[in-house]
Protein chains: 2
Amino acid sequence: MIQNIYDNPAFFAGYSALRATRAGLNEALEQPAMASLLPDVAGLAVLDLGCGAGDLCRQLHAAGAVGVTGVDVSSRMLNLARAAGGDGIRYVHQAIEDFDAPDASFDLVVSSLAFHYVRDFEAALAGIARWLRPGGTLVFSQEHPVCTAAQGTHPGWARDERGAKRYWTLDRYHDEGMRESHWFVDGVIKYHRTTATILNALLDQGFRIQRVLEPHAVPEEEARRPELLEERRRPPFLLVKAELPRA
Amino acid sequence: MIQNIYDNPAFFAGYSALRATRAGLNEALEQPAMASLLPDVAGLAVLDLGCGAGDLCRQLHAAGAVGVTGVDVSSRMLNLARAAGGDGIRYVHQAIEDFDAPDASFDLVVSSLAFHYVRDFEAALAGIARWLRPGGTLVFSQEHPVCTAAQGTHPGWARDERGAKRYWTLDRYHDEGMRESHWFVDGVIKYHRTTATILNALLDQGFRIQRVLEPHAVPEEEARRPELLEERRRPPFLLVKAELPRA
């Protein structure tokens, strides 16, 4: 089953409010890390899997990507994306699992915080490896496996009597598969995979790993929002840059 | 400062007793995982960094490695190694940090559970990249970063009133550097690095990552020793196989 939680009205309202504040972790950690991994996209055909409201698509388009395709399962998010403009960006209303493209039709595939929603990661990677040209690049981020591992059964942060964070609770690391958790609404479905499973799945599809990031916030953001220092205590995100060999 | 904790009599006694029972995690998790990553060593010149009592050196020698060099800082461990025989294995009494070898003099470098004792991992990797021939392979294991992260300041497993394991305590993940902990004796010094730091240090030295393992016990061992199922709750070890490109 492919869940479309971003079209749930209560989830969408909560998620939109968080993004509007720009006070979440995405803006302070994930987006700078993603930007640091992107190649010069001028002239590249780019596919964005799980494009949401299209921020990354617009950024890539503005940076000179000649063809940008954004794929998302949520019509609400795609409505936001289309309303934000960006002539020449093609938006496809489809689950990542259902999307298909001609072989060797993209130079770069990006995916920001979407792969933890994908049940069959190996199948998705097999598609990406086909759609990329030789020498093509994949850059993606996802929730870190130490965060997805015990999601839904553990509290995340263990806290003392006064509510202060004592440590992060890690459990069920090798118990890969579905996790059901509360994020704005009950029943948000994600899939836990270990770091080793993620990296080896890339290697099995012929990718060469070029960079692995577990970002904390950039120092300027930490200075502005000291609560971000807490994110150094456990890694919230995992990002990987990988490349297909040239033919 | 390079610590030589294996020559501490109390540590050595405790460590030797654990190994003698063959009931630790090394035998059930780390050794099978390491074996699964090793190439066919027949005819290869092999360097073992942190060889301890020489078990892996003897195994590689028996499997046809033509030259095996074992390096260890502990004379007590090397005494065990030499007493166990293995004609043609060369043992060098030196810290990993102090060892040197001619350029391109080894086909394979292995290191079992020693790199978390090495302060300057980048320098050690730079040496290994020099000592390996083009196309040469590095296979190593170390304590997993989710285990070294909060060592010395946190309990490892958080337990309930009855002593049962509730979850693993993760903290200080991005606070890389020295950790002082109790293992048989007080003051055992290790160095915490994140998974991303470890993998990127390999990439920076020109290695291609070939496999990443976070092993749990093999099923036969889990059937024989059900307590090993607990090791699925957090990864105790990280292993990496990496290769230098052929010239």
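Everything numeric here is computed off the predicted structure, so don't read it as measured data.

(A) Structural view of the relation of the copies chain A and chain B. Each copy of the sequence occupies a distinct position, and chain A is placed on chain B by a rotation of 180° and an axial shift of 0.0 Å, giving an RMSD of 0.0 Å. Put plainly, the chains are arranged around a two-fold axis. Among all C-alpha atoms of chain A, that of Thr169(A) lies closest to the rotation axis, at 2.7 Å. The overlap is high: 100% of the interface residues of chain A also sit at the interface in chain B, so the same surface is used on both sides.

(B) How the structure looks around the interface of chain A and chain B. Contacts between the two partners involve 33 residues from chain A and, on the opposite side, 33 residues from chain B. Buried area between chain A and chain B, summed over both chains or domains, comes out near 2,800 Å², and the portion from carbon and sulfur atoms is 53%. Taken together, the links from chain A to chain B amount to four salt bridges. One salt bridge in this structure joins Asp204(B) and Arg211(A), with 2.8 Å as the shortest N-O distance. The tally of links from chain A across to chain B stands at 23 residue pairs in polar contact (both at pLDDT 80 or more). Looking at the side of chain A that touches chain B, the elements that each hand over two or more residues are strand E7 (165-170), helix H7 (195-204) and strand E10 (208-213) of chain A.

(C) Spatial organisation of the packing of helix H5 (residues 121-131) of chain B against helix H7 (residues 195-204) of chain B. Residues and elements named next belong to chain B. The contact between H5 and H7 brings their axes to 10 Å, and the two run at 35°. For the element pair H5 and H7, the recorded crossing hand is right-handed. Note on element contacts: H7 touches H5 through Thr197, Ile198, Ala201 and Leu202, opposite Phe121, Glu122 and Leu125. Broken down by class, the residue content of the contact of H5 with H7 amounts to five nonpolar, one polar and one charged.

Analysis parameters
- Residues numbered from 1 in each chain as written.
- Chains lettered and ligands numbered in written order.
- Predicted model: local features only at pLDDT ≥ 70, side-chain atom pairs only at ≥ 80, totals over all residues.
- Heavy atoms only, no water.
- Least-squares fit on C-alpha atoms with pLDDT ≥ 70 in both.
- Contact = heavy atoms within 4.5 Å.
- Buried area = accessible area lost by both parts, 1.4 Å probe.
- Salt bridge = Lys/Arg side-chain N within 4 Å of Asp/Glu carboxyl O.
- Polar contact = N/O pair within 3.5 Å; in protein donor to acceptor, adjacent residues only side chain to side chain.
- Helix = DSSP H or I, 4+ residues; strand = E, 2+ residues; numbered from the N terminus.
- Axes fitted to C-alpha atoms, helices over the stretch in contact; angles between N-to-C directions.
- Left-handed = near helix turned anticlockwise from the far one by under 90°.
- Nonpolar A, V, L, I, M, F, W, Y, C, P; charged D, E, K, R; others polar.

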